[in-house]
Amino acid sequence: MRIEVISLFPQLIEQVGAFGMARKAVEVGALQLIATDLRNFAQRADRRVDERTFGGGPGMVLQAEPVSRALAAAHSCAPGAKVVFLSPQGAPLTQAWAERLAAEPAVVLLCGRYEGMDERLAGQVDVELSLGDFVLSGGELAAMVVVDAVARLLPGVLGDAASAREDSFSCGGLLDHPHFTRPREWQGRAVPDVLLSGDHAAIRRWRLKRALGATWLKRPELLAGVDLDEEQQALLREFVAQCRESGNEVKS
Ligand code: 9WO
């Protein structure tokens, strides 16, 4: 897929394609990442793209014309590309959104700066997404997060395709289960026996139970969004019962 990021700091955006999964996605040809400098579309000789806000007050606003020209150029390369604006006013970014974007042939991520963009650009944006209820100094870091979340879902990017599906939120809307690695005992704490048992059915049940338990403890509101089957309901009941018995320390 093609992701074009329109920004005042394109060098920042290039960094997300230089490391880890996003880099791998670029290397295997699953992702074409283009960082476009909004200043290339400035109308003024000084390459500025901001102006004072009508109505007065401090701070600057991104002008409509340079952004509109940058979007037109992006659409000429990728007709029909979905335009995403990153802002605290957006809908929460979720794994479902990452999956939706990963299924698109082309996406444009538009990064604001200053106090925001001219409101008359709203009609040129298809979706506004937010990482959470906080303000950054611009949309770039949020766009980099979107690129990373989407890149790892692209075909051929994860060595083990199963690991994308099984981690947090891809595991049927549940949080991840705990993980352990060598050594078997560290600072007097052993790895749960079941994980060393070789009994794959028991391991699957343990992981499912811990995923349900972690979700119940840390993000109970997520459980409202998943339809638990009978096995899952039984495992969660077991977890809750053990948790109440032993003051939050569930061992098996
Ligand atoms: C700046 C500002 C200053 C004074 C009073 C109100 C204000 N609002 C803003 C503001 O929202 N600036 C934004 C900076 C304009 C759009 C790009 N910027 C941005 C994106 N900040 N934070 C994000 C963001 C994006 C996604 N998820 C979380 C935050």
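Residues numbered from 1 in each chain as written. Predicted model: local features only at pLDDT ≥ 70, side-chain atom pairs only at ≥ 80, totals over all residues. Heavy atoms only, no water.

Asks: How should the packing of aromatic side chains be read in this particular structure?
Replies: Think of a pair of aromatic rings as described by two things: how far the centres are apart, and how the planes are tilted against each other in angle. Throughout the structure, instances matching the rule amount to two aromatic pairs. Directly above the ring of W97 sits R100, whose terminal nitrogen or CZ lies 4.3 Å from the centroid. (Phe/Tyr/Trp six-rings, centres within 6.5 Å; stacked < 30°, edge-to-face > 60°. Lys NZ or Arg CZ within 6 Å of the ring centre and 35° of its normal.)

Asks: Just to check I follow, could you spell out the packing of helix α4 (residues 95-102) against helix α5 (residues 140-151) for this structure?
Replies: Each pair of packed helices can be summarised by the angle the axes make with each other and by the distance between the axes. Axis separation between α4 and α5 bottoms out at 9 Å; the angle between their running directions is 75°. Viewed along their axes, α4 and α5 adopt a mutual orientation that is roughly perpendicular. Contact residues: α4 offers A98, L101 and A102, while α5 offers V146, A149 and V150. Taken together, the residues of the contact of α4 with α5 break down into six nonpolar, no polar and no charged. (Axes fitted to C-alpha atoms, helices over the stretch in contact; angles between N-to-C directions. Helix = DSSP H or I, 4+ residues; strand = E, 2+ residues; numbered from the N terminus. Parallel < 35°, antiparallel > 145°, perpendicular 65-115°, else oblique. Contact = heavy atoms within 4.5 Å. Nonpolar A, V, L, I, M, F, W, Y, C, P; charged D, E, K, R; others polar.)

Asks: Would you mind going over the packing of helix α7 (residues 200-218) against helix α9 (residues 230-245) with me for this structure?
Replies: It is the contact of α7 with α9, at a shortest axis distance of 9 Å, that shows an interaxial angle of 65°. Between α7 and α9 lies a crossing whose hand is right-handed. Contact with α7, carried on its side by R204, R205, L208, K209, R210, L212, G213, W216 and L217, involves E231, Q232, L235, L236, E238, F239, V240, Q242, C243 and R244 of α9 and no other residues of that element. Taken together, the residues of the contact of α7 with α9 sort by class into nine nonpolar, three polar and seven charged. (Left-handed = near helix turned anticlockwise from the far one by under 90°.)

Asks: Looking at this model, I keep getting lost on the site of the ligand. Mind explaining?
Replies: Every one of the 18 residues lining the ligand counts as a neighbour, but Y114, E115, L131, F134 and L136 are closest to it. In this structure, Y114 approaches the ligand through a main-chain N or O atom, which is 3.3 Å from a nitrogen atom. Interatomic distance of 2.8 Å between a backbone N/O atom of L131 and a nitrogen atom of the ligand. Contact with the protein chains removes 76% of the 600 Å² of surface that the ligand exposes when unbound. Elements with a contribution of two residues or more to the shell around the ligand: β5 (82-92) and β7 (127-130). (Near = heavy atom within 4 Å. Polar contact = N/O pair within 3.5 Å; in protein donor to acceptor, adjacent residues only side chain to side chain. Areas by Shrake-Rupley, 256 points an atom, 1.4 Å probe, with all protein chains shown as cover.)

Asks: Help me understand the side chain of S7 in this model?
Replies: You can see S7 is positioned in strand β1 (residues 2-7). Here the side chain of S7 touches F9 through a polar contact of 2.7 Å, landing on its backbone nitrogen. At 2.7 Å, the side chain of S7 forms a polar contact with the side chain of E140. Leaving out residues up to four positions away in the same chain, S7 has contacts with I13, T36, D37, L38, C111 and E140.

Asks: Looking at this structure, how should I read unusual backbone geometry?
Replies: In terms of backbone geometry, most residues other than glycine have negative phi values and most peptide bonds are trans. R182 connects to P183 through a cis peptide bond whose omega is 0°. Looking at where P183 falls in the secondary structure, it is placed in the loop between α6 (161-166) and β8 (185-186). A positive phi angle is found at R47, which is not glycine, with a value near 65°. Along the chain, R47 falls in the loop between β2 (32-37) and β3 (50-52).

Asks: Help me understand α4, please; the structure alone is not making it clear to me.
Replies: Owing to its 3.6 residues per turn, the α-helix brings residues three or four apart onto one side. Regarding α4, the residues found buried are W97, A98, L101 and A102. Within α4, the buried residues cover an arc of 135° as seen down the axis, which keeps them to one side. (Buried < 20%, exposed > 50% of the residue type's maximum accessible area, 1.4 Å probe, protein only. Arc of directions from axis to C-beta.)

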